[in-house]
Amino acid sequence: MRNYVLLCIIILPIVLFGQKTSLTLSVRTPYCGGAKPTPEIAAGTTKSFGNQRLIIQYQKTNEVYSGKWNCLEITVDSNGNWKGKIPKKSNIRIFLANQFLSLSELKSKYSLSDTKRYTLKDDAAIELWKSKPIYEKSAKEFKKSIQIELLEACFVGLNPCYWYTGPKPR
């Protein structure tokens with residue numbers, strides 16, 4: 001009987017307050033021009049986006065009016081997968097860990113050695129990127145399986161600080 005009570009004390013909070021969640025993170029590289037592509041090439045290529053740190057912010061539905069968001073930092077494996085628990089009945093937002101770097105840290109991390117074909121974005125555009133989650137769902141829409149696909153921009157990839165201003169391929 002004692003073991004049963006102990007087991008209930010350990011398992012009950014997990015069952016009541018946590019939801020097993022699987023997350024898959026991938027990145028799509030678009031077709032950026034050149035020869036006329038086949039439909040498959042025009043769709044771009046998708047690959048896993050592994051070993052990335054993510055910040056999951058969750059807000060329990062009973063705390064919505066307080067404005068309080070709790071944070072959970074995770075790292076996806078080399079295949080872009082993560083399995084863990086996120087509290088049930090929560091609104092969630094997911095950010096790349098880089099989105100929490102300061103403006104100067106971002107500019108330093110994503111600086112380019114050759115900027116002849118690139119233009120630095122203004123600070124407001126970078127701050128806008130920092131403020132937008134890569135995934136956001138309300139408690140009613142939140143599912144146990146999350147697939148996130150990030151879209152790279154042509155010639156700059158996922159660099160949030162630069163625009164490509166060079167010539168377009170023919």
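Only a predicted model underlies this, so the values are computations on that prediction, with no experimental measurement involved.

Q: I keep staring at the state of the cysteines and nothing clicks. Help me out?
A: Cysteine pairs can be linked by a disulfide, which is a covalent bond between their two sulfur atoms. Within the structure shown, the criterion is met by 1 disulfide. Here Cys 32 pairs with Cys 154 through a disulfide, and the sulfurs are 2.1 Å apart. Torsion about the S-S bond of the Cys 32 and Cys 154 cystine: about -95°, corresponding to left-handed handedness. Note that Cys 32 is positioned in the loop between strand S1 (18-29) and helix H2 (39-42) and Cys 154 in the loop between strand S9 (145-151) and strand S10 (162-164), a separation of 122 residues in sequence. Residue Cys 32 is classed as partly exposed on the basis of its relative accessible area of 23%. Relative accessible area serves as the criterion here: at 28%, Cys 154 is assigned to the partly exposed category.

Q: So what exactly am I meant to see when it comes to the environment of Phe 155 here?
A: One can find Phe 155 in the loop between S9 and S10. Accessibility expressed as a relative area gives 35% for Phe 155, which makes it partly exposed. Linking Phe 155 and Thr 165, residues 10 residues apart in sequence, is a C-alpha distance of 9.5 Å. Leave out the neighbours within four places in its chain, and Phe 155 touches Cys 32, Tyr 118, Tyr 164 and Pro 169.

Q: Is there a simple way to think about a positive patch on the surface in this case?
A: A contiguous patch of positive charge on the surface is contributed by Lys 20, Lys 83, Lys 85, Lys 88, Lys 89 and Lys 144. Mapped onto the secondary structure, Lys 20 falls in strand S1.

Q: Just to check I follow, could you spell out the packing of aromatic side chains for this structure?
A: Summed over the entire model, instances satisfying the criterion amount to 3 aromatic pairs. For the pair Phe 155 and Tyr 164, a centre-to-centre distance of 4.4 Å together with 35° between the ring planes defines the contact as tilted. We classify Tyr 164 as buried; its relative accessible area is 15%. Cluster of aromatic residues (ring-pair linked, three or more members): Tyr 118, Phe 155 and Tyr 164.

Cut-offs applied
Residues numbered from 1 in each chain as written. Predicted model: local features only at pLDDT ≥ 70, side-chain atom pairs only at ≥ 80, totals over all residues. Heavy atoms only, no water. Disulfide = S-S within 2.5 Å. Helix = DSSP H or I, 4+ residues; strand = E, 2+ residues; numbered from the N terminus. Buried < 20%, exposed > 50% of the residue type's maximum accessible area, 1.4 Å probe, protein only. Contact = heavy atoms within 4.5 Å. Patch = residues over 30% accessible without salt bridge, like charges linked within 9 Å, V, L, I, M, F, W, Y side chains within 5 Å. Areas by Shrake-Rupley, 256 points an atom, 1.4 Å probe, with all protein chains shown as cover. Salt bridge = Lys/Arg side-chain N within 4 Å of Asp/Glu carboxyl O. Lys, Arg positive; Asp, Glu negative; His and termini not counted. Charge placed at Lys NZ, Arg CZ, Asp CG, Glu CD. Phe/Tyr/Trp six-rings, centres within 6.5 Å; stacked < 30°, edge-to-face > 60°.

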